[in-house]
Amino acid sequence: MAKWTKATLQNGQNIYLDIDKMTAIKLVRGQGKDFTAAFFGVNAQPFEITETPEDLLGMDPKPGTI
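Source: prediction; values computed, not measured.

Participant: So what's going on with the overall build of the protein chain? Which residues, and what values?
Facilitator: Summing up its helical and strand segments, the protein chain has one helix and five strands in all. Listing each helix as α and each strand as β along the protein chain from the N terminus yields β-β-β-β-β-α. Here the C-alpha radius of gyration of the protein chain, 12 Å, is about what a compact globule of 66 residues would show, namely 11 Å. Across the 66 residues of the protein chain, 30% fall into the buried class.

Participant: Account for the pairing of strand β2 (residues 14–18), naming residues and giving values.
Facilitator: Two elements, strand β1 (residues 4–8) and β2, share five bridges in a ladder whose sense is antiparallel. Its bridge partner being in β2, Lys 6 is matched across the sheet by Tyr 16. Turn length for the β1-β2 hairpin, with the two strands adjacent in sequence and antiparallel, is five residues, and the turn residue Gly 12 shows positive phi of about 100°.

Participant: Tell me about the environment of Phe 47, residues and numbers included.
Facilitator: In this structure, Phe 47 sits in strand β5 (residues 47–49). Phe 47 sits 31 residues away from Tyr 16 along the chain, and the two C-alpha atoms are 11 Å apart. Among residues more than four places away in sequence, those in contact with Phe 47 are Leu 9, Ile 15, Leu 17, Thr 36, Ala 37, Ala 38 and Phe 40.

Participant: Account for the sheet that holds β5, with residues named and values stated.
Facilitator: Strand order across the open sheet formed by three strands is β3-β4-β5, with antiparallel pairing between neighbours. The open sheet has two edge strands with one neighbour each: β3 (24–28) and β5. The sheet shows a mean angle of 25° between the axes of neighbouring strands, direction not considered. Pairing of strand β4 (residues 35–39) with β5, which is carried by three bridges, proceeds in the antiparallel orientation. Note on β5: the bridge partner recorded for Ala 38 is Phe 47.

Conventions and cut-offs
- Residues numbered from 1 in each chain as written.
- Predicted model: local features only at pLDDT ≥ 70, side-chain atom pairs only at ≥ 80, totals over all residues.
- Heavy atoms only, no water.
- Helix = DSSP H or I, 4+ residues; strand = E, 2+ residues; numbered from the N terminus.
- Rg over C-alpha atoms; globule rule 2.2 N^0.38 Å.
- Buried < 20%, exposed > 50% of the residue type's maximum accessible area, 1.4 Å probe, protein only.
- Pairing = 2+ DSSP bridges.
- Contact = heavy atoms within 4.5 Å.
- Axes fitted to C-alpha atoms, helices over the stretch in contact; angles between N-to-C directions.

In short, shape yes, function no, at least from these values alone.
So this is what it looks like as structure tokens:
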């Protein structure tokens with residue numbers, strides 16, 4: 001069964017992501033903006049979202065990582 005999570009795009013729109021189909025997720029920092037890039041598939045353009053990877057996956061962040 002799919003595991004869905006709610007996320008917010010950089011432009012403020014809400015979307016729902018299927019975590020089971022996510023191939024990679026990373027926190028991107030620099031150039032005046034911070035966002036999380038969520039990848040689905042090998043050659044797909046990532047979704048740029050405002051939540052941290054830990055928030056999306058329901059994990060507790062490790063000290064010093066955020």
